[in-house]
Amino acid sequence: MKEKEIILRSLTQKDSLAVSKIIYMLAYHIDPDIKPVTTSETINQYGPNGLGHFDGVIAEQAGRVVGLCLFSIRFSGWRGTSGIFVSDLYVDTSVRAGGLGRKLLCETAKKGLSKNCNFLQLDVDIDNKNAIDFYTHLGLKAHKNEIQMFMEEPIFNSFATN
């Protein structure tokens, strides 16, 4: 039996439920105690059909989402240019080891190039050795002198209103 073709396409509003489920699966993979607050409503609110804060590439096989790359464009003052920030990359276990992760990132990079982006950045869980090896193999490098820092609700809201 011939394998079903996987197509890559842009994220649409009809993908919001699948995307929110994927976010839950990614979180569970990192730590079963993590409970994301992302919903199909927040995907639609902030995604390409809403406020446009992020976009995505979907991998679909026989009408089922089997891969996802969510990204946004960010400007780097140090680099003096814009780049792609990948917030989430997911490949279903049924299609892993077939190059889909690379294809999703490549398609995302193409979308970035079309908007004059010149770099790709992402976060990876420090304990996810397979992902680190995958990204390193593709040519990404860790910046040893950088750490990510966050300010979240309610501190963020209080800070922003002072």
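See the structure shown above.
*Asks:* Sorry, what's going on with the pairing of strand β5 (residues 117-122) here?
*Replies:* Residues in a regular strand point their side chains to alternate faces of the sheet. Two elements, strand β4 (residues 81-91) and β5, share 4 bridges in a ladder whose sense is parallel. Residue pairing for β5: Ser 82 is matched across the bridge by Cys 117. For the crossover from β4 across helix α3 (residues 100-113) to β5, the handedness is right-handed.

*Asks:* What should I look at first to understand the environment of Phe 54 in this one?
*Replies:* You can see Phe 54 is positioned in the loop between α2 (40-46) and β2 (55-61). Considering only alpha carbons, one finds Phe 54 and Phe 71, 17 residues apart in sequence, at a separation of 5.6 Å. In this structure Phe 54 touches Leu 11, Ile 43, Tyr 46, Gly 47, Pro 48, Leu 70, Phe 71 and Ser 72, once residues within four positions along its chain are discounted.

*Asks:* Would you mind showing me how to read the packing of aromatic side chains here?
*Replies:* Any pair of aromatic rings gets described here by the distance separating the centres and the angle formed by the planes. Applying the stated rule across the entire model yields 1 aromatic pair. The ring of Phe 85 carries the charged tip of Arg 74 above its face, separated from the ring centre by 4.0 Å. Lying across the ring of Phe 119, Arg 79 places its NZ or CZ 4.2 Å from the centre.

*Asks:* What is the right way to look at the pairing of β2 in this model?
*Replies:* Where burial is concerned, most of β2 is hidden: 6 out of the 7 residues are buried. Of the pairings in the sheet, the one linking β2 to strand β3 (residues 64-76) comprises 7 bridges and is antiparallel in character. Paired with Asp 55 across the bridge in β3 is Phe 71.

*Asks:* Even after reading the chapter, I still don't get the pattern of salt bridges, so can you show me in this structure?
*Replies:* Pairing between side chains becomes possible if they bear opposite charge and their charged atoms approach one another. Applying the stated criterion across every chain yields a total of 4 salt bridges. We note a salt bridge from Asp 15 to Arg 9, for which the minimum N-O separation is 2.7 Å. Accessibility classification places Asp 15 together with Arg 9 in one group, the buried group. With a closest N to O distance of 3.5 Å, Arg 64 and Asp 92 form a salt bridge. With Arg 64 in strand β3 and Asp 92 in the loop between β4 and α3, this residue pair connects regions lying 28 residues apart in the sequence.

*Asks:* Looking at this structure, how should I read the packing of α3 against helix α4 (residues 129-138)?
*Replies:* If you want to describe how two helices pack, look at the angle between their axes and the distance between the axes. The interhelical angle for the contact between α3 and α4, taken along N-to-C directions, is 55°, at an axis separation of 11 Å. With respect to their mutual orientation, α3 and α4 come out oblique. The hand of the α3/α4 crossing is right-handed. Across the interface between the two elements, Gly 101, Arg 102 and Leu 105 from α3 touch Phe 134, Tyr 135 and Leu 138 from α4.

Quick notes on the rules
Sequence positions are assigned chain by chain, starting from 1 and proceeding in written order. Under the rules for a predicted model, residues below a pLDDT of 70 receive no local features and side-chain atom pairs below 80 are neither given nor counted, while totals for whole chains, interfaces and linings still include all residues. To obtain the side-chain values, all non-hydrogen atoms of the structure were used and water was disregarded. Pairing between strands is defined by DSSP: at least two bridges between the two strands are required. Helix and strand labels come from DSSP, where a helix needs a run of H or I of at least four residues and a strand needs a run of E of at least two; each type is numbered from the N terminus. Every crossover in which the path from the first strand over the helix to the second runs clockwise, viewed with the strands pointing away from the viewer, is termed right-handed. Residues count as neighbours in contact if any of their non-hydrogen atoms are within 4.5 Å of one another. Centres within 6.5 Å are what make two rings of Phe, Tyr or Trp a pair, Trp counting through its six-membered ring; a difference in plane orientation under 30 degrees is then read as stacked, over 60 as edge-to-face, and the rest as tilted. Ring-over charges, as used throughout, are those where CZ of Arg or NZ of Lys falls within 6 Å of the ring centre and within 35 degrees of the ring normal. Exposure is judged per residue with a 1.4 Å probe applied to protein chains only, and the accessible area is read against the type maximum: over 50% gives exposed, under 20% gives buried, and values in between give partly exposed. Salt bridges are defined as contacts in which a side-chain nitrogen from Lys or Arg sits within 4 Å of a carboxyl oxygen from Asp or Glu. Axis angles are defined between N-to-C directions and span 0 to 180 degrees, where every axis is a line fitted to C-alpha atoms and, for a helix, only to the segment in contact. What sets the label is the angle itself: under 35 degrees gives roughly parallel, over 145 gives roughly antiparallel, 65 to 115 gives roughly perpendicular, and the rest give oblique. Less than a right angle of anticlockwise turn of the near helix away from the far helix marks a crossing as left-handed, whereas a clockwise turn marks it as right-handed.

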